[in-house]
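What follows is the residue order along each chain.
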Amino acid sequence: MEVSLSLVSLTVTEVIQLSGLAGTRKMEEKALEVYDVIRSIRDPEKPNTLEELDVVTEKCVEVRELGDDEYLIIIKFSPTVPHCSLATLIGLCLQVKLQRCLPFKHKLEIYISEGTHSTEEDINKQINDKERVAAAMENPNLREIVEQCVTEPDD
């Protein structure tokens, strides 16, 4: 009898929290927040955004909780063609925009979706190497291209 009374006294919120649904919903909301940041990045050689070209979609963003207000963000993007010469630059744009715009503490992992590029392993290593990213952003020509891609049209 006591057990059933204890169960009945649980609020809906407590049930949701205990079931893990609140955590799932929170991660989905964080993923949408991340997607809203990257969807407007422009392609380096086309007048379209990465969203318009289906390079990034809502499904390509995954967020996991690492600790108190700290998250692991995993992005798997799909270049438009398997031999895309600008896939590394797109990964760099994703890195830069997220580092600048996300208001919460995070670890970032960016990958090319499996099977969508001929040299995906090499590119994945490059775009997740902090030293290479920093060195690339020291190049004024490359930095200018990245700025053009990540700057919002009304900025």
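Residues numbered from 1 in each chain as written. Predicted model: local features only at pLDDT ≥ 70, side-chain atom pairs only at ≥ 80, totals over all residues. Heavy atoms only, no water.

Per an unreviewed UniProt entry, the protein goes by Cytosolic iron-sulfur assembly component 2A and derives from Scophthalmus maximus. Comment text from UniProt for the protein, heading Subunit (unreviewed entry), reads "Monomer and homodimer. Component of the CIA complex. Interacts with CIAO1. Interacts with IREB2. Interacts with APAF1." Per UniProt, the protein has the following entry under Sequence similarities (unreviewed entry): "Belongs to the MIP18 family." (UniProt positions renumbered as here; feature names shortened; annotations may be inferred.)

Caption draft 1: Broad picture of the nonpolar core. In terms of nonpolar packing, the biggest core is built from 39 residues, with Val34, Ile38, Val56, Val61, Ile75, Phe77 and Leu94 touching the most fellow members. Secondary structure elements with two or more residues in this core: α3 (21–38), β1 (61–67), β2 (70–77), α4 (87–101), β3 (105–112), α5 (120–127), α6 (130–138) and α7 (140–150). At 8 residues, the largest contribution of residues to this core is made by α4. Not counting residues within four places of it along the chain, the set of residues in contact with Val56 comprises Tyr35, Ile38, Arg39, Leu50, Glu51, Phe77 and Leu94. (Core = buried A, V, L, I, M, F, W, Y, C linked by side-chain atoms within 4.5 Å. Buried < 20%, exposed > 50% of the residue type's maximum accessible area, 1.4 Å probe, protein only. Helix = DSSP H or I, 4+ residues; strand = E, 2+ residues; numbered from the N terminus. Contact = heavy atoms within 4.5 Å.)

Caption draft 2: Representation of α5 within the structure. Listed in full, the buried residues belonging to α5 are Glu120, Ile123, Asn124 and Ile127. Down the axis of α5, the buried set is contained in an arc of 105 degrees. They therefore lie on one face. Exposed and oriented more than 90 degrees from the buried face of α5 are Glu121 and Lys125. (Arc of directions from axis to C-beta.)

Caption draft 3: Highlighting the pattern of salt bridges. One pass over the structure, following the stated rule, counts 9 salt bridges. A salt bridge links Glu51 to Arg39; its shortest N-O distance comes to 3.1 Å. With Glu51 in the loop between α3 and β1 and Arg39 in the loop between α3 and β1, the pair connects residues that are 12 residues apart, well separated along the chain. In this structure Glu51 comes out as partly exposed when scored by relative accessible area, which is 27%. Overall, the relative accessible area of 31% leaves Arg39 in the partly exposed class. Each of Asp36, Arg39 and Glu51 takes part in a single network of salt bridges with overlapping partners. (Salt bridge = Lys/Arg side-chain N within 4 Å of Asp/Glu carboxyl O.)

Caption draft 4: Layout of the pairing of β3. Bridge count between β2 and β3: 8 bridges; the pairing is parallel. Bridged to Leu72 within β3 is Lys107. Read from β2 through α4 to β3, the crossover connection turns out right-handed. (Pairing = 2+ DSSP bridges. Right-handed = clockwise from strand over helix to strand, strands pointing away.)

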